[in-house]
Amino acid sequence: MKSGNKRIIFLRSPRGLPVPEDFGIDETAIPQPNAGQFLSRTVYLSLDPYYRNVMKNSQIYADRLSPGDAMVGETVAEIVSSKHLDFKAGDVVAVRNGWQQYGLSDGQGVRKIDPSVAPIATALGVLGMPGLTGYTGTVHLAQPLPGQTFVVSACTGPVGSTAGQVARHMGARVVGIAGSKEKCTFAVSELGFDACVDYRAGDLRGALKAACPNGIDAYFDNVGGSTLEAVTLNLAMGARIVLCGMIEAYSMDAPPPGPWLGPIVGARATMKGLVVYDHMNRMQEMTRVIGQWIKEDRFRWREDVTDGLEHAPEAFCRLMQGQNFGKALVKVGLAPSH
Ligand code: NAP
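Residue numbers run consecutively from 1 along every chain, following the written order of its sequence. Only residues with pLDDT of at least 70 are given local features in this predicted model, and only at 80 or more are side-chain atom pairs given and counted; all residues enter the totals for whole chains, interfaces and linings. To obtain the side-chain values, all non-hydrogen atoms of the structure were included, while hydrogens and water were left out.

### A few points about the pattern of salt bridges
Test applied: The salt bridge criterion pairs a side-chain nitrogen of Lys or Arg with a carboxyl oxygen of Asp or Glu, the two atoms within 4 Å. The way it works is that DSSP assigns letters per residue, a run of H or I at least four long becomes a helix, a run of E at least two long becomes a strand, and they are numbered from the N terminus. To sort residues, take the accessible area from a 1.4 Å probe on protein chains only and compare it with the maximum for the residue type: under 20% means buried, over 50% means exposed, and anything in between is partly exposed.
Under the defined criterion, the tally for this structure stands at 11 salt bridges. Arg41 serves as the salt-bridge partner of Glu78, at 2.6 Å between the closest nitrogen and oxygen. One end of the pair, Glu78, is in strand E4 (residues 75-82); the other, Arg41, is in strand E3 (residues 38-45), with 37 residues separating them in the sequence. The exposure class of Glu78 is partly exposed, given its relative accessible area of 29%. Judged by its relative accessible area of 33%, Arg41 is partly exposed. With a closest N to O distance of 3.0 Å, Asp91 and Lys88 form a salt bridge. For Asp91, a relative accessible area of 11% corresponds to the buried category.

In C-alpha cells, the structure reads:
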C-alpha cells in the first residue's frame with residue numbers, strides 16, 4: 001500500500017464552464033478503518049454532469065461542498081482492509097469515495113459488484129445510477145407504446161443510450177439527438193436506433209420533423225433549453241416528456257430566459273397540456289357544482305364591466321395590459337326584462 005492518499009479538492013464554484021483552476025490537489029495520510037468501517041482503493045471514479053450543480057451548492061442534492069473538501073462522487077473500489085462484518089478485503093464495491101485514491105465507508109449505500117455480470121466499470125454507468133435513470137424514466141414515465149416515436153437527447157451517454165435501447169426493446173421507434181455525426185452513427189449502428197439527429201448541424205426543428213414524420217410521442221430530455229424547445233415544436237397528440245437533465249443550463253450563472261424548468265425535476269412534478277374543448281362533456285357537471293355553490297353563497301367572482309360597445313377596443317386593450325380586475329365584459333345593450 002502506498003503511503004499517501006491523493007485527493008482532488010473543491011476550491012471554488014465555477015463561473016460558467018468549469019476550469020481546472022476551480023480544483024486543487026493534495027495528499028493526506030491513508031486513513032485506517034475503525035470498527036464498522038472498511039477502507040477501499042478507488043479503481044474507477046464516475047464523472048457525472050450533476051457535479052457541476054453540486055459545485056454551486058444546489059439545494060436539490062444531499063452533497064455539500066466547502067472550499068478544501070475532497071470532491072464528491074461515486075467510485076468503483078476494491079476493499080483493502082475491513083472492520084465491517086458484511087464486507088471483506090478483496091470485495092469490489094460501488095462506494096462514494098469521491099475524487100480520491102482511498103476512502104473509508106461504514107457500508108451505507110454501498111453496493112457489492114459481481115464482476116461476472118459485466119465489467120466492473122458498468123456499475124457507474126449503464127448498470128449504475130445513470131442506467132437506472134434511463135431505464136426507470138423510460139419504462140415508468142415515458143411509457144412508449146410499440147410503434148410510437150421515442151426521442152432521447154444526449155443519446156450516446158449512459159442515461160440516453162440506456163433510455164433509447166430500453167424504448168427499442170419496448171417496440172418503439174427510437175430517434176436519438178446527439179452532438180456530432182460520429183455520435184449519431186454510433187447511435188444507429190451500435191445502439192440500434194432507427195435514426196439520429198445531429199443538433200450541431202443546425203435546424204434541429206426541421207431535422208426532427210423529417211426524422212419523426214408522425215410527431216414525437218415520448219421525449220426523454222437530458223439537455224433542456226433549445227433542444228427541448230425544438231422537440232416541443234414536433235410533439236404528437238398526447239405526447240409525454242420526461243424532464244431528466246438540463247445540462248445546457250448547468251454552466252450558466254443565471255437561469256436561461258423563459259420558464260426555468262429545473263425545479264420541475266426537483267419537485268418530481270408533472271406538466272400536462274390542457275385544451276378545454278377536450279372536456280366539454282364536463283360542462284353540465286361544472287354548471288351543477290359551481291351553480292350550487294353560488295346559490296349557497298360559497299363561491300365569489302368579480303366582473304369588470306365597460307359600458308358601451310364603442311368602448312370595447314379600449315377595454316380589450318386594458319385587458320391585454322392586465323388592467324382589468326375580474327371578468328372583462330362590455331355592456332352592449334339593456335338587460336333582459338324577465
Ligand atoms: P452524458 O450523456 O454522458 O454527458 C452529457 C452529454 O450532454 C454530453 O456528452 C452532450 O452530448 C450533451 N450535451 C448537450 N448539450 C450540452 C451542453 N450545452 N453542454 C454539455 N453537454 C451537452 O451524461 P449522463 O450521465 O448520461 O447524463 C445525461 C443527463 O442526465 C444529464 O443532464 C444529467 O444531469 C442527467 N441525469 C439526471 C438524473 C436524474 O435523476 N434526473 C440522473 C442522472 C443523470 P451530445 O453531444 O450528444 O449532445
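### Digging into a nonpolar patch on the surface
Test applied: Exposure above 30% relative accessible area and the absence of a salt bridge qualify a residue for a patch, where like charges join within 9 Å and nonpolar side chains (Val, Leu, Ile, Met, Phe, Trp, Tyr) within 5 Å. For every accessible area listed, the method is Shrake-Rupley and the probe measures 1.4 Å; residues are considered covered only by the protein chains on display.
A contiguous nonpolar surface patch, about 600 Å² in accessible area, is contributed by Val275, Val276, Tyr277, Met280, Met283 and Met286. With respect to the secondary-structure elements, Tyr277 resides in the loop between helix H8 (262-266) and helix H9 (283-295). Taking the relative accessible area as the measure of exposure, Tyr277 reaches 64% and is therefore exposed.

### With respect to the domain arrangement of the protein
Which entries qualify depends on this criterion: Annotation comment: domain bounds sourced from an automatic or database domain assignment. Residue contacts are defined here by distance: any two heavy atoms, one from each residue, within 4.5 Å place the two residues in contact. Reported buried area values correspond to the accessible surface (1.4 Å probe) lost by two parts on association, with both partners' losses combined. Contacts described as polar in this section are N or O atom pairs within 3.5 Å, which, within protein, must combine one atom able to donate a hydrogen with one able to accept it, while residues neighboring in sequence count only if both atoms come from side chains. For this scheme, ten residues count as nonpolar: Ala, Val, Leu, Ile, Met, Phe, Trp, Tyr, Cys and Pro. Four count as charged, namely Asp, Glu, Lys and Arg, and the remainder, Gly too, count as polar.
According to the domain assignment, the protein consists of domain 1 (4-125 + 303-331) and domain 2 (129-278). Each of domain 1 and domain 2 was reduced to a C-alpha centroid, and the two centroids are 22 Å apart. Each partner contributes to the interface: domain 1 provides 16 residues, whereas domain 2 provides 11 residues. Across the domain 1 to domain 2 interface the summed buried area is about 870 Å²; carbon plus sulfur atoms make up 53%. The largest share of the area that domain 1 buries against domain 2 comes from Pro49, Arg52 and Gly125, three residues that together contribute 35% of it. Inspection of the region where domain 1 meets domain 2 yields zero salt bridges. Seen at the junction of domain 1 and domain 2, the total is four residue pairs in polar contact (both at pLDDT 80 or more). Here the side of domain 1 that touches domain 2 is composed, by residue class, of eight nonpolar, three polar and five charged.

### Here's the deal with the sheet that holds strand E11 (residues 216-221)
Hydrogen bonds along the backbone pair up the strands of a sheet, which may run parallel or antiparallel. For the record, the criterion: DSSP calls a pair of strands paired once it identifies at least 2 bridges connecting them. Axes here mean lines fitted to C-alpha atoms, for a helix over just the part in contact, with angles spanning 0 to 180 degrees between N-to-C directions.
Spatial strand order, E10-E9-E8-E11-E12: five strands in an open sheet with parallel pairing. What marks the edges here is a single partner per strand, and that holds for strand E10 (195-198) and strand E12 (235-243). Going from strand to strand, the sheet's axes swing by 20 degrees on average, the running direction of each strand aside. As judged from the four bridges shared by strand E9 (residues 173-178) and E10, these two strands associate in the parallel manner. Residue pairing for E10: Val175 is matched across the bridge by Ala195.

### What to know about the site of the ligand
Let me state the cut-off plainly: The cutoff for a nearby residue is simple: one of its non-hydrogen atoms must lie within 4 Å of the molecule or strand.
Looking at the ligand, there are 19 residues lining it, with Lys183, Tyr199, Asn222, Cys244 and Tyr250 nearest. In this structure, Val159 approaches the ligand through a main-chain N or O atom, which is 3.0 Å from an oxygen atom. In the model, an oxygen atom of the ligand is placed 3.0 Å from a nitrogen or oxygen of the Gly179 main chain. Looking at the shell around the ligand, the element that brings in the most residues is helix H7 (residues 247-250), giving three residues.

### Let's talk about the pairing of E3
One ladder, built from seven bridges, connects E3 with E4; its direction is antiparallel. Following the sheet pairing, Arg41 is matched in E4 by Glu78. Examined bridge by bridge, E3 and strand E6 (residues 102-105) share four bridges and lie antiparallel to one another. Bridging from a neighbouring strand, Arg41 pairs with Tyr102 of E6.

### Re the packing of aromatic side chains
Worth spelling out the cut-off: Pairing of aromatic rings covers Phe, Tyr and Trp, the last counted by its six-membered ring, and requires centre-to-centre distances within 6.5 Å; plane angles under 30 degrees mean stacked, over 60 mean edge-to-face, and any other angle means tilted. Geometrically, a charge over a ring is one whose NZ (Lys) or CZ (Arg) sits within 6 Å of the ring centre while staying within 35 degrees of the ring normal.
This model, assessed by the stated rule, comprises six aromatic pairs. An aromatic cluster of three or more residues is present, and its members are Phe23, Tyr50, Tyr51, Tyr61 and Trp99. Over the ring of Phe87 we find Lys112, and its NZ or CZ is 5.1 Å from the ring centre. A cation over a ring is seen here: Arg302 above Phe325, with NZ or CZ 3.4 Å from the ring centre.

### Digging into the environment of Val159
Along the chain, Val159 turns up in helix H3 (residues 158-169). Judged by relative accessible area, which is 17%, Val159 ranks as buried. Once residues lying within four places of it in the same chain are set aside, the contact partners of Val159 are Pro130, Thr133, Gly134, Phe220, Asn222 and Cys244.

### A short note on the packing of helix H5 (residues 204-211) against helix H6 (residues 225-232)
Rules: For this classification, under 35 degrees means roughly parallel, over 145 means roughly antiparallel, 65 to 115 means roughly perpendicular, and everything else is oblique. Note on convention: the crossing is left-handed when the near helix lies turned anticlockwise from the far helix by less than a right angle, right-handed when the turn is clockwise.
Between H5 and H6, the least distance of the axes is 9 Å, while the angle of their chain directions is 45 degrees. For the element pair H5 / H6, the angle class is oblique. Relative to H6, H5 is oriented so that their crossing is right-handed. Here Leu204, Arg205 and Leu208 of H5 come into contact with H6, specifically with Thr227, Ala230 and Val231.

### With respect to the side chain of Asp217
Assignment of secondary structure puts Asp217 in strand E11. In this structure the side chain of Asp217 is engaged in a polar contact, spanning 2.8 Å, whose partner is the backbone nitrogen of Thr149. The contacts of Asp217, once residues within four sequence positions are left out, are Gln148, Thr149, Ala236, Gly238, Ala239 and Arg240.

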